[in-house]
Protein chains: 2
Amino acid sequence: MAQTTMDDVAQHAGVSRALVSLVMRDSPRVSDHSRAKVLASAAELDYRPNVWARNLASGQTNTIGVMLNDLHNPYFAELAEGVAAGATENGMEVLITSGWQREAGENAAIETLLNLRTDGIVLGAARFGSEAFSEMAQQTPTVAVSNFHKPDAMDTLCNDEAYGAELVVEHLTSLGHSRIVHIDAGTAPGAPERRKGFTTAMSNRGLAPIVFEGDYNEQSARAAAIDIMKLKEPPTAIFAANDLAASGVFAHLRSIGVSIPDDVSVVGYDDTVLAGLGAISLTTVRQPMQMSGHRATELLIERINGREVAKHELLRPSLVVRSTTGPVPK
Amino acid sequence: MAQTTMDDVAQHAGVSRALVSLVMRDSPRVSDHSRAKVLASAAELDYRPNVWARNLASGQTNTIGVMLNDLHNPYFAELAEGVAAGATENGMEVLITSGWQREAGENAAIETLLNLRTDGIVLGAARFGSEAFSEMAQQTPTVAVSNFHKPDAMDTLCNDEAYGAELVVEHLTSLGHSRIVHIDAGTAPGAPERRKGFTTAMSNRGLAPIVFEGDYNEQSARAAAIDIMKLKEPPTAIFAANDLAASGVFAHLRSIGVSIPDDVSVVGYDDTVLAGLGAISLTTVRQPMQMSGHRATELLIERINGREVAKHELLRPSLVVRSTTGPVPK
DNA sequence: TGTGAAAATTAGAGCGCTCTATACATAAGC
DNA sequence: GCTTATGTATAGAGCGCTCTAATTTTCACA
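Described below are features of the structure shown in this document. (Residues numbered from 1 in each chain as written. Chains lettered and ligands numbered in written order. Predicted model: local features only at pLDDT ≥ 70, side-chain atom pairs only at ≥ 80, totals over all residues. Heavy atoms only, no water.)

### Remarks on the protein's contact with DNA strand C
Taken together, 26 residues form the shell around DNA strand C, and within it A:Met6, A:Arg17, A:Ser21, A:Tyr47 and B:Ser34 come nearest. Across the atoms of DNA strand C situated within 4 Å of the protein, the share located in sugar and phosphate is 65%. Within the contact set of DNA strand C, a phosphate oxygen lies 2.4 Å away from a backbone nitrogen or oxygen of A:Met6. A distance of 2.4 Å separates a base oxygen of DNA strand C from a polar side-chain atom of A:Arg17. For the surface near DNA strand C, the elements supplying multiple residues, two or more each, are helix H2 (17-24) and helix H4 (51-58) of chain A together with helix H2 (17-24) and helix H4 (51-58) of chain B. Looking at the surface near DNA strand C residue by residue, the classes come out as 13 nonpolar, 8 polar and 5 charged. (Near = heavy atom within 4 Å. Polar contact = N/O pair within 3.5 Å; in protein donor to acceptor, adjacent residues only side chain to side chain. Helix = DSSP H or I, 4+ residues; strand = E, 2+ residues; numbered from the N terminus. Nonpolar A, V, L, I, M, F, W, Y, C, P; charged D, E, K, R; others polar.)

### Description of H4(B)
Residues separated by three or four positions in an α-helix point in the same direction, a consequence of the helix having 3.6 residues per turn. Residue and element names in this part refer to chain B. Buried within H4 we find Val-51, Trp-52 and Asn-55. Axial view of H4: buried residues confined to an arc of 100°, hence all on one face. With a side-chain oxygen positioned 2.8 Å from the backbone nitrogen of Trp-52, the residue opening H4 is Asn-50. Within two residues after H4, Gly-59 carries a phi angle of roughly 80°, on the positive side. (Buried < 20%, exposed > 50% of the residue type's maximum accessible area, 1.4 Å probe, protein only. Arc of directions from axis to C-beta.)

### Here's the deal with the relation of the copies chain B and chain A
Laying chain B over chain A is done by rotating through 180° and shifting 0.1 Å along the axis; what remains is an RMSD of 0.1 Å. The superposition of one copy onto the other is thereby described by a two-fold rotation axis. When you check the interface residues of chain B against chain A, 100% turn up at the interface there too, and the contact is symmetric in its surfaces. (Least-squares fit on C-alpha atoms with pLDDT ≥ 70 in both. Contact = heavy atoms within 4.5 Å.)

### Let's talk about the interface of chain B and chain A
Opposite the 49 residues of chain B that make contact, chain A presents 49 residues. Summed over both partners, the interface of chain B with chain A buries about 4500 Å², with 61% contributed by carbon and sulfur atoms. Its largest share of buried area at the contact with chain A, chain B owes to B:Arg48, B:Trp52 and B:Arg117, together 20% of the area lost on that side. Between chain B and chain A we count 3 salt bridges in total. A salt bridge links A:Arg48 to B:Glu111; the shortest N-O distance between them is 2.9 Å. Elements supplying a minimum of two residues to the side of chain B that touches chain A: H4, helix H5 (74-89), strand S2 (93-98), helix H6 (103-116), helix H7 (131-139), helix H10 (218-229), helix H11 (243-255) and helix H12 (273-276) of chain B. The greatest single-element share of the side of chain B that touches chain A, amounting to 6 residues, is contributed by H5(B). Residue composition of the side of chain B that touches chain A, grouped by class: 25 nonpolar, 14 polar and 10 charged. (Buried area = accessible area lost by both parts, 1.4 Å probe. Salt bridge = Lys/Arg side-chain N within 4 Å of Asp/Glu carboxyl O.)

### Re the packing of H2(A) against helix H3 (residues 32-45) of chain A
Angle between the axes and distance between the axes: these two values describe a pair of packed helices. Residue and element names in this part refer to chain A. Two elements in contact, H2 and H3, have axes separated by 10 Å at closest approach and are oriented at 90°. It follows from the interaxial angle that H2 and H3 lie roughly perpendicular. For the pair H2 and H3, contact is made by Leu-19, Val-20, Val-23 and Met-24 and by Ser-34, Arg-35, Val-38, Leu-39 and Ala-42, respectively. When the residues that make up the contact of H2 with H3 are grouped by side-chain class, the tally is 7 nonpolar, 1 polar and 1 charged. (Axes fitted to C-alpha atoms, helices over the stretch in contact; angles between N-to-C directions. Parallel < 35°, antiparallel > 145°, perpendicular 65-115°, else oblique.)

### Quick notes on the sheet that holds strand S8 (residues 237-239) of chain A
All names here are of chain A. If you trace the 4 strands from one edge of the open sheet to the other, you get S7-S6-S8-S9, paired in parallel fashion. Only two strands of the sheet have a single partner each, and these edge strands are strand S7 (210-212) and strand S9 (265-267). Within this sheet the neighbouring strands show an average axis-to-axis angle of 20°, counted without direction. Taken together, the 3 bridges between strand S6 (residues 180-183) and S8 define a ladder with parallel strand orientation. Residue pairing for S8: Val-181 is matched across the bridge by Ile-238. The strands touched by helix H9 (residues 191-204) within the sheet are S6, S7 and S8, with S6 carrying the most contacts at an inclination of about 165°. Of the strands in this sheet, S6, S8 and S9 touch helix H11 (residues 243-255), which is tilted by about 160° from S9. (Pairing = 2+ DSSP bridges.)

Bear in mind that shape data such as this cannot, by itself, settle questions of function.
The structure is reproduced here in structure tokens:
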């Protein structure tokens, strides 16, 4: 399929290639007459501009690259959706690559984006601080979402985890709970901040912040839940590291005949699809990921347009109350 | 950031640009000595090949485009993962675009891919039969996953829905069930085949195939479940259109105090993450999406290498038995 | 030492587009 | 009528790479 080029269109329309180029780029400096003629020829010849050539010649791609650690994670899907929305508003395209949950994969995905020379990159990564990241930020405008490292070279956009934890503690204490346990996620992105927010919120109320070790998955949370329910005085509420972890807790409590929320209240984090599932209906903290994605695009475009100093912003989450939390049992 | 070009590297290494090009493409026709020299210079100058220029000059992109209707759907995520695996094996890159669940979005995403002139496209679409799709298949090698239309212009890869339904019916009848209801998903991709498979499997066993209307989401399945449980003789097993629908059924049954699987067995379809959730643990049909993605890549590469006639293949799903199915109550 | 083939390298013509000058109309100003 | 504006259109030089064909170097062998 030999492709139709601008020259073909120009010849067919009886004008110069430069004019066709102007028409294709919606330049106002073209007469209506010529524009119509060119457009007609282009349509007739089934002309499709060659992006490679255009980008090569113009030196910019009009494209934002998005690197997502894990396509399965709705958290990242929403981020990408927000980026897409922001990009569309600004007439830019979005190309997505994924690291398939592996660090090597993330690096390869970034390499792909770097080679493509997208105008900027939005990072939805799992592990920051890798060399590939800082090297990248050196080479192209970059916004990292949920990166609490705040390096100079890139902008960052984080959720206010402390505030989210505060919301949870406030909600639970207002329901009368005082023995509240948090299952954390070690050093995973956002987890330390979430934990810190929890202990602060509890301490501020004169309550003992009890933390069990876990991770952002079901199994470890389930394991933690087993230990937790073996306590002499089990808590009346459990605040899990994220929705998936909450689901693990949920499953264990159900299996040992503990009623939710009559006996124990459970709270998740992220408001992923699973939290909304009728069969679970989890009270959780909603991170405005779509908004994050949108804001990330704005920051990126500022950078593309020349801003030099890094910005680090915090976005406020909100609480979504569903059916897994209720008044403390007496 | 003026970029380093091949000429810079060539000059620095004291060789010609053509030689650098050969080294970059791993040509065997370069002496070890020169190769080392070039590589050293490239590293020192932080050289990164310009993909746009390369693709323009070579006329191919070494990239597979993947269009996914919905990034939130794990079904598509796995498809993409399979494509990525296949692509990596063949030294190709993968670029993902999404239609964000809208038909217009799908068309725009395809336009993006077409403009990029990726060597081929894998389609994970929701609605096939649109003009944009057939136009696309005309222009570039295309493999459509889960497209039961089987047009000449593109390859298709479908799951053997009839077989999947047969697996479900076989599993349930072997547990003693005979009053089995299927909640379908109208004309959504795969749904008619699934329904047909169900009715055939039931009829083959001399059982009445009862079908309720639904869709691939929770709400409609929940609505159907409400009607179903109002039947004079409610079924002892419900086979939902997909996992999400099963979750809706699950939620309703729980809410009216029906025990799963003691009173009613529930089966889903797709084996998405939610089926594996401890809190749900759904018996479901596993579609080998990752394998589909992998196979799609193989077909695509055959096409890229010149195969003209379309291939239409069927992949066999398998049954994953979890905790929502059990012997029929007496 | 010469010769031919094989191996290694290079020149240079594109790939399809953008973009800066420059050219050419036509209209306006005096 | 001539000059200066103003609006359109075009020539042509790249953008950074690939790839064919040609050239140069190397090496085996007579």
